[in-house]
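Chains, contacts and geometry: an overview
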Amino acid sequence: AVEDTGAEKIIRTKKNEYRARTVVLACGASHRMLEIPGEQEFSGMGVSYCATCDGAFFKDKTAVVVGGGNIAAEDALFLSRICRKVYMVHRRDALRADQILQDSLAAAENIEMVWDSVAVEIQGTDSVTGLKIRNVKDNSESVIPADGVFIAMGTAGSTEIARQMGAELTEKGNIKVNENMET
């Protein structure tokens, strides 16, 4: 626990108590998850959060990237050089990624955009066999046959302790800081 007394901060652990004028929180982050059926079950067996880490496992196979920002675009482009086919699923009808990345995606012959769709279920038996998606405009569902699903929706800061300390959080759950990175 951390207590702010004004002049100092008191940090209490299971074994000790520490006093300091300043506390630097280096809480880390974790990948944002889809939280859909199959995600946990197939993590490491076709579900990945890092194309550069795991892309080589999908050489000459089919992969799906879920997301619409810069990370998703970069992942799809990276995978397009390894995979036979890459689908990019995005919940809107336009990407948030930088224009230069969008231009590169459009030029890649083996990347297919799947607009206005959200992931519903990651399917498989021993490993991933496909991604079930739902179109947000007409509610129709379909399955994209795939060997891998790359979830590229950014990261979430591990900010629970900051929230407990009374730090103001952004709408995405990150610690709100000023231009000097101070709370």
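Residues numbered from 1 in each chain as written. Predicted model: local features only at pLDDT ≥ 70, side-chain atom pairs only at ≥ 80, totals over all residues. Heavy atoms only, no water.

**Quick notes on the overall build of the chain**
As a reminder, the rule being used: Numbering of helices and strands runs from the N terminus, with a helix taken as a DSSP run of H or I at least four residues long and a strand as a DSSP run of E at least two residues long. With the radius of gyration taken over C-alpha atoms, the globule rule is written as 2.2 Å times the number of residues to the power 0.38. For each residue, the accessible area found with a 1.4 Å probe, counting protein chains only, is set against the maximum for its type, and the residue is called buried under 20%, exposed over 50%, and partly exposed in between.
Per the secondary structure count, the chain includes 4 helices and 13 strands. The globule rule puts the C-alpha radius of gyration for 183 residues at 16 Å, and the 20 Å found for the chain is more than 25% above it. Structurally, the chain occupies a C-alpha span of about 60 × 40 × 35 Å along its principal axes. When burial is assessed residue by residue, the chain has 34% of its 183 residues classed as buried.

**Examining the sheet that holds strand β6 (residues 62-66)**
What counts, and what does not: When DSSP finds at least two bridges between two strands, those strands are taken to pair. Only heavy atoms matter for contacts: two residues are in contact if any of them lie within 4.5 Å across the pair. Between N-to-C directions, angles cover 0 to 180 degrees, with each direction set by a line fitted to C-alpha atoms, over the stretch in contact for helices.
With parallel pairing, the 5 strands of this open sheet are ordered in space as β5-β12-β6-β7-β8. Only two strands of the sheet have a single neighbouring strand rather than two, namely β5 (47-48) and β8 (111-114). Pairing geometry for strand β7 (residues 85-89) and β8, over 4 bridges, is parallel. Bridged to Tyr 87 within β8 is Glu 112. Seen against the sheet, helix α2 (residues 70-80) touches β6, β7, β8 and β12 (148-151) and runs at an angle of roughly 170° to β7.

**Observations regarding the nonpolar core**
What counts is decided by this rule: Buried Ala, Val, Leu, Ile, Met, Phe, Trp, Tyr and Cys residues that are joined via side-chain atoms within 4.5 Å together make up what is termed a nonpolar core.
If you look at the biggest cluster of nonpolar residues, it comprises 20 residues, and the most contacted ones within it are Val 65, Leu 79 and Leu 105. Element by element, the count of residues in this core is highest for α2, at 5 residues. Beyond its immediate sequence surroundings of up to four residues, Leu 79 is in contact with Ala 51, Gly 55, Ala 63, Val 65, Val 86 and Phe 150. Leu 34, Val 64, Val 89 and Ala 119 belong to the second-largest nonpolar core, a separate cluster that totals 19 residues.

**Brief notes about the environment of Leu 95**
Here Leu 95 lies in the loop between β7 and α3 (99-107). Here Leu 95 falls in the buried class, since its relative accessible area comes to 12%. Along the backbone, Leu 95 and Asp 4 are 91 residues apart, and their C-alpha atoms lie at a distance of 42 Å.

**With respect to the packing of α2 against α3**
Spelled out, the test is: Any angle from 65 to 115 degrees is called roughly perpendicular, while one under 35 is roughly parallel, one over 145 is roughly antiparallel, and all others are oblique. Each crossing gets its hand from how the near helix is turned against the far one by less than a right angle, where anticlockwise is left-handed and clockwise is right-handed. Throughout, the ten residues Ala, Val, Leu, Ile, Met, Phe, Trp, Tyr, Cys and Pro are labelled nonpolar, Asp, Glu, Lys and Arg are labelled charged, and all others, Gly among them, are labelled polar.
Running from amino to carboxyl end, α2 crosses α3 at an angle of 30°, the nearest separation of the two axes being 10 Å. Between α2 and α3, the interaxial angle falls into the category roughly parallel. When you trace α2 past α3, the crossing you get is left-handed. Where α2 approaches α3, its residues Asn 70, Ala 73, Glu 74, Ala 76 and Leu 77 are matched on the opposing element by Leu 101, Ser 104 and Leu 105. Each residue belonging to the contact of α2 with α3 can be placed in one class, and the counts come to 5 nonpolar, 2 polar and 1 charged.

**Observations concerning the packing of aromatic side chains**
Inclusion rule: Each Phe, Tyr or Trp ring, with Trp reduced to its six-membered ring, pairs with another whose centre is within 6.5 Å; inter-plane angles below 30 degrees give stacked pairs, above 60 give edge-to-face pairs, and intermediate values give tilted ones. Whether a charge sits over a ring comes down to the Lys NZ or Arg CZ being within 6 Å of the ring centre and within 35 degrees of the ring normal.
This structure, assessed with the given rule, holds 1 aromatic pair. Between Lys 85 and the ring centre of Tyr 87, over which it is positioned, the NZ or CZ distance is 5.2 Å.

**Quick look at the pairing of strand β9 (residues 117-124)**
Relative to strand β10 (residues 128-135), β9 runs antiparallel, the two sharing 7 bridges. Bridge pairing links Val 118 to Arg 134 in β10. Remark: 3 residues form the turn of the hairpin made by β9 and β10, two consecutive strands paired antiparallel.

**Some thoughts on unusual backbone geometry**
Positive phi values are uncommon outside glycine, yet Glu 35 reaches one of about 55°. Mapping Glu 35 onto the fold places it in the loop between β4 (29-31) and β5. The backbone of Asp 60 sits at a positive phi, close to 60°, despite the residue not being glycine. Topologically, Asp 60 is positioned in the loop between α1 (51-54) and β6.

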